[in-house]
Amino acid sequence: MVVSIYNTLTREKEEFRPIEEGKVRMYVCGPTVYNYIHIGNARPAVVFDTVRRYLEYKGYDVNYVLNFTDVDDKIINRANELGEDVFAVSDRYIDAYLEDVSKLGVKKATHNPRVTNTMQEIIAFIGSLIEKGYAYEAGGDVYFKPRAFEGYGKLSHQSIDELRSGARIQIGEKKEDPLDFALWKGAKEGEISWDSPWGKGRPGWHIECSAMAKKYLGETIDIHAGGQDLTFPHHENEIAQSEANNGKTFANYWMHNGYININNEKMSKSLGNFVLTRELLEQHDPNVIRFFMLSVHYRNPINFSEDLLESAKNSLDRVITAYQNLGHRKSSSTNLDKDQHHWTEKINILKQRFEAEMDDDFNTANAISVLFDLTKEANVYLNGTHTSESIIALFQETMKSFLEILGVNLQSEKELLDEEIESLIEERNEARKSRNFTRADEIRDLLKEKNIILEDTAQGVRWKRG
Ligand SMILES: Nc1ncnc2c1ncn2[C@@H]1O[C@H](COP(=O)(O)OP(=O)(O)OP(=O)(O)O)[C@@H](O)[C@H]1O
Ligand SMILES: [Zn+2]
């Protein structure tokens, strides 16, 4: 089946057809690094990592680019506040970002370009836009003229007149038209700056992504993604700059994730209603946070609450427990199971359903329900008298592959606990052999406390989580 993607540009689900057979060029707008990220900021990281994982599962080679805006007014202000160098601030928050998202199971990007390492390409891009008549210099700044670009407003579905009526020129701005936006900002005295044909300064936010996408992915890319708030003006402006300059479609599919809200209001730094990802990571298993984020379709809002996290934890526990119980049962399988064909068929249907949900604009919420159905079937299977190793392996393999697509890591603390359980059982067996019943009972009680059920069978002690 072909993957279909909801494209913000056309407001329709479209079949995904890559530019190059078997390859995907994907650009995700990354953070402005002046603070630790809140879980709202972590949502695009997790959502688009899942898109990437699924495309890789489908056999695509994904060139995944996520940039860092490492120079910007907010970073400069923060550096001034802290009495630090701009680079000290941006380096610290880039490291923190990478640490946080990697805990959430986000794979390393193919490229993580930084604005300050792309300065020459950005300056050349701006120069070319001036040459082509789309931009002009004004007192050390350079502005882009949206009115010169036919099609401005197509992503956010607004007409240029509508947009112009809402725009104002702020005091101190040197632009000709309220809609014009800065490509280059002349530096104030003593501010961090780069040399350019228009004097010392630094780039505007929008031009960075146009230049970085071109450098790492070429003039036309497959998927461009980011949070919903980036649609306008950021992505609209990226389209205008790139298409004006390159004379080609900039991106074929535009994807935008919905917000994480608190009390139905967007979580944001400016409102102060945020939960830092690193603080949440101290209180919850990263798998649970990820599972919670994916339990809602990526375009829908999530209203953050501890209850939702708790319910994600319970659901994920059920899945992992079933996976582990399958593992323990493997060695004691009788292999007398006569219904192998029936079970193989059942598992295959669930696999197809999972893929169909993911093919349908990466519907992780419905894909997770299929994972729950698989879990239920696994439990039904384990309740039977006879099991076969091959069906157990098929259940495990399928579960593992679903979890891998979702980016949930099975190598969690629970795996370690398994070893502890096995060694406690071993110790209990030894204790019984040497008639040390006090110790044997102690271990049995300890396991019981941890909700581990022991069954004495002809094949030896079998255990499972209750
Ligand atoms: N509450 C949220 N829910 C989902 N995505 C969000 C949320 N807030 C920001 N994002 C996304 O996080 C990414 C990083 O954005 P950026 O670093 O610019 O954050 P920001 O806009 O400074 O955050 P804030 O809105 O808190 O000021 C962007 O793709 C943005 O759309
Ligand atoms: Zn961008």
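Residues numbered from 1 in each chain as written. Chains lettered and ligands numbered in written order. Predicted model: local features only at pLDDT ≥ 70, side-chain atom pairs only at ≥ 80, totals over all residues. Heavy atoms only, no water.

An unreviewed UniProt entry lists the chain under the name Cysteine--tRNA ligase, from Ornithinibacillus halotolerans. The record in UniProt for the chain states the following under Sequence similarities (unreviewed entry): "Belongs to the class-I aminoacyl-tRNA synthetase family." (UniProt positions renumbered as here; feature names shortened; annotations may be inferred.)

Novice: Describe the coordination of the zinc ion (ligand 2), listing the residues and the values that go with them.
Specialist: Only Cys-29 (SG), Cys-209 (SG), His-234 (NE2) and Glu-238 (OE) from the protein reach the zinc ion (ligand 2) as donors, at distances of 2.0 to 2.4 Å. Given 4 donor atoms and angles of 77 to 127° at the metal, the environment of the zinc ion (ligand 2) is assigned as irregular. Read in sequence order, the donor residues for the zinc ion (ligand 2) give the motif C-x179-C-x24-H-x3-E. Within this pair, whereas Cys-29 is found in the loop between strand 3 (23-28) and helix 1 (39-57), its partner Cys-209 is found in helix 6 (residues 205-217), the two being separated by 180 residues in sequence. Note on Cys-209: relative accessible area 1%, which makes it buried. (Donors = N, O, S within 2.8 Å, 3.2 Å for Na, K, Ca; no water. Tetrahedral: all angles 85-135°; square planar, octahedral: opposite > 155°, others 65-115°. Helix = DSSP H or I, 4+ residues; strand = E, 2+ residues; numbered from the N terminus. Buried < 20%, exposed > 50% of the residue type's maximum accessible area, 1.4 Å probe, protein only.)

Novice: Quick one: what's the story with the pattern of salt bridges, residue by residue and with numbers?
Specialist: What the rule picks out here adds up to 39 salt bridges. Among the ionic pairs, Glu-99 bridges to Lys-103, the shortest N-O distance being 3.8 Å. Here Glu-99 pairs with Lys-103, and both are found in helix 3 (residues 86-103), just 4 residues apart, close to one helical turn. Close ionic contact of Lys-433 with Glu-430 constitutes a salt bridge, the shortest N to O distance being 3.9 Å. Taken together, the residues span about one helical turn, with Lys-433 and Glu-430 both in helix 14 (residues 413-433) at a distance of 3 residues. Glu-430 sits in the partly exposed class, given a relative accessible area of 40%. Connected through shared salt-bridge partners, Asp-73, Lys-185, Lys-188, Glu-191 and Arg-202 make up one network. (Salt bridge = Lys/Arg side-chain N within 4 Å of Asp/Glu carboxyl O.)

Novice: Give a description of the packing of helix 9 (residues 286-294) against helix 10 (residues 306-330) that names residues and reports values.
Specialist: Direction vectors running N to C along helix 9 and helix 10 enclose 105°, while the axes themselves pass 9 Å from each other. One element, helix 9, and the other, helix 10, form an angle in the roughly perpendicular class. Across from Asn-287, Val-288, Ile-289, Phe-291 and Phe-292 in helix 9, the residues of helix 10 making contact are Leu-308, Leu-309, Ala-312, Lys-313, Ser-315 and Leu-316. In terms of residue class, the contact of helix 9 with helix 10 is made up of 8 nonpolar, 2 polar and 1 charged. (Axes fitted to C-alpha atoms, helices over the stretch in contact; angles between N-to-C directions. Parallel < 35°, antiparallel > 145°, perpendicular 65-115°, else oblique. Contact = heavy atoms within 4.5 Å. Nonpolar A, V, L, I, M, F, W, Y, C, P; charged D, E, K, R; others polar.)

Novice: Could you give an account of the site of ligand 1, naming the residues involved and the relevant values?
Specialist: Around ligand 1, a shell composed of 19 residues is seen, among which His-38, Asp-229, Ile-260, Met-267 and Lys-269 lie nearest. A distance of 3.0 Å separates an oxygen atom of ligand 1 from a polar side-chain atom of Lys-266. A total of 590 Å² of accessible area belongs to ligand 1 in isolation, and the protein chains cover 93% of it. When residues of the shell around ligand 1 are assigned to their parent elements, the largest contribution, 3 residues, is made by helix 1. Residues that form the shell around ligand 1 fall into these classes: 7 nonpolar, 8 polar and 4 charged. (Near = heavy atom within 4 Å. Polar contact = N/O pair within 3.5 Å; in protein donor to acceptor, adjacent residues only side chain to side chain. Areas by Shrake-Rupley, 256 points an atom, 1.4 Å probe, with all protein chains shown as cover.)

Novice: Which residues make up the packing of helix 10 against helix 13 (residues 389-406), and what values go with them?
Specialist: Two elements in contact, helix 10 and helix 13, have axes separated by 9 Å at closest approach and are oriented at 150°. Viewed along their axes, helix 10 and helix 13 adopt a mutual orientation that is roughly antiparallel. Considering the relative orientation of helix 10 and helix 13, their crossing is left-handed. On helix 13, the residues that touch Leu-316, Val-319, Ala-322, Tyr-323, Leu-326, Gly-327, Arg-329 and Lys-330 of helix 10 are Glu-389, Ile-392, Ala-393, Phe-395, Gln-396, Met-399, Lys-400 and Leu-403. A breakdown of the residues in the contact of helix 10 with helix 13 according to their chemical character gives 10 nonpolar, 2 polar and 4 charged. (Left-handed = near helix turned anticlockwise from the far one by under 90°.)

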